[in-house]
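Spelled out from the first residue to the last, the chains are:
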Amino acid sequence: MRLVLLHSPLVGPSTWQGVAARLAVRGHHVALPDLSAVMRGSGPFYAALAELAAAAITDTSVLVVHSGAGALVPAIAVMAPVAGAVFVDALLPHPGESWFSGVPEPLGQRLRGLAKAGRLPPWHAWWPKGAIEAMLPDGAVAAAFLREQAELPLVYFEERAPDIALATPSAYLQLSGAYEADADAAEAADWPVARLNLHHLAMLTDPGLVAVQIEGLATKL
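Let us look at the structure shown here. (Residues numbered from 1 in each chain as written. Predicted model: local features only at pLDDT ≥ 70, side-chain atom pairs only at ≥ 80, totals over all residues. Heavy atoms only, no water.)

Observations regarding the environment of V78
- Mapped onto the secondary structure, V78 falls in the loop between helix 4 (73-77) and strand 4 (82-90).
- Assessed through its relative accessible area of 57%, V78 is described here as exposed.
- Along the chain, V78 and A167 lie 89 residues apart, while their C-alpha atoms are 9.3 Å from each other. (Helix = DSSP H or I, 4+ residues; strand = E, 2+ residues; numbered from the N terminus. Buried < 20%, exposed > 50% of the residue type's maximum accessible area, 1.4 Å probe, protein only.)

A few points about the sheet that holds strand 8 (residues 193-195)
- The strand order across the open sheet built from six strands is 2-1-3-4-7-8, with neighbouring strands paired in parallel fashion. Each end of this open sheet is capped by a strand with a single partner; those strands are strand 2 (29-31) and strand 8. Here the strands of the sheet are splayed against their neighbours by 20° on average, with no regard to which way each runs.
- Helix-sheet contacts for helix 11 (residues 207-220) involve strand 1 (2-6), strand 3 (61-67), strand 4, strand 7 (170-174) and strand 8, and the interaxial angle to strand 7 is about 155°. (Pairing = 2+ DSSP bridges. Axes fitted to C-alpha atoms, helices over the stretch in contact; angles between N-to-C directions. Contact = heavy atoms within 4.5 Å.)

Side note on helix 3 (residues 45-55)
- F45, Y46, L49, A50, A53 and A54 are the residues of helix 3 that are buried. Angularly, the buried residues of helix 3 cover 155° about the axis, an arc narrow enough to put them on a single face.
- Buried residues belonging to helix 3 abut strand 1, helix 2 (36-39), helix 4, strand 6 (152-153) and helix 8 (154-158). (Arc of directions from axis to C-beta.)

Focus: the nonpolar core
- Within the largest apolar cluster, 51 residues are counted, with the highest numbers of intra-cluster contacts made by L63, I76, W126 and F157.
- The greatest single-element share of this core, amounting to six residues, is contributed by helix 3.
- L23, V62, L217 and A218 belong to the second largest nonpolar core, which has 22 residues in total. (Core = buried A, V, L, I, M, F, W, Y, C linked by side-chain atoms within 4.5 Å.)

A few points about the environment of V141
- Here V141 shows up in helix 7 (residues 139-147).
- Under the relative-accessibility criterion, V141 is labelled partly exposed at 26%.
- Between the C-alpha atom of V141 and that of T205, which follows or precedes it by 64 residues, the distance is 8.3 Å.

A short note on helix 1 (residues 14-25)
- Along its 12 residues, helix 1 runs 17 Å from first to last C-alpha, staying within 8% of the 16 Å computed at 1.5 Å per residue.
- Regarding helix 1, the residues found buried are S14, T15, W16, V19, A20 and L23. (Expected span 1.5 Å × (residues − 1).)

Points about the pattern of salt bridges
- In this structure the tally under the stated criterion is four salt bridges.
- Of the charged contacts, one joins R26 and E215 as a salt bridge, the two residues approaching to 2.5 Å between their closest N and O atoms. With R26 in the loop between helix 1 and strand 2 and E215 in helix 11, the pair connects residues that are 189 residues apart, well separated along the chain.
- Residue classification places E215 among the buried positions, given a relative accessible area of 16%. (Salt bridge = Lys/Arg side-chain N within 4 Å of Asp/Glu carboxyl O.)

Quick look at the packing of aromatic side chains
- Applying the stated criterion across every chain yields a total of 12 aromatic pairs.
- Taking the centre distance of 5.7 Å and the plane angle of 70° together, the rings of W99 and F100 count as edge-to-face.
- Exposure remark for W99: the relative accessible area of 11% places this residue in the buried category.
- Of the residues examined, F100 reaches a relative accessible area of 7% and is grouped as buried.
- Among the aromatic side chains, those forming a connected cluster through ring pairs are F45, Y46, W99, F100, W123, W126, W127, F145, Y156 and F157.
- Seen from the ring of F100, R112 lies directly overhead, with NZ or CZ sitting 3.9 Å from the centre. (Phe/Tyr/Trp six-rings, centres within 6.5 Å; stacked < 30°, edge-to-face > 60°. Lys NZ or Arg CZ within 6 Å of the ring centre and 35° of its normal.)

Spelled out as structure tokens, the structure:
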């Protein structure tokens, strides 16, 4: 099976490296594009992110998307041969809507208040002290994850996603309680759904288990 693993635009590709290695050992062809360069630009962002991801798809593949990368699936699928998508603790597509429109208003206000000169702090700085370390107790793993993060353009969160409906066979892997509503929506749409009682960055701490779940869901597509 050909799998393309997409990291959240808010972090970096090390998110998926452990899972990618385990999927490769299991006999799959794995691509892991780096979306970070797009986020250092001035936008528009959704189209550029989708184009970069689509360029990594050279043959019919299954997309595996984490967190904010879920919003990119419809745009990628109209540019490349995508056989299916596995959403891993990921936002569901929100055609024609912005990232801010899908989060609670207090969070949106807090983030806008953190912006300086149109840039937000790196993703890890949004959370209470010690939150990332609690999820990633291995210092080397945490350091690699944090090293890839940079300030983020506020306009990305205000930009509307392309108005393209999801038409790709999809499945959902829930890792944390924060994405229970997304997993419930996927289940209500008759997607294959698996749930793990872990955390949002579990691909970094439990890559083998996450890889097996992804493989199982992708096979169903």
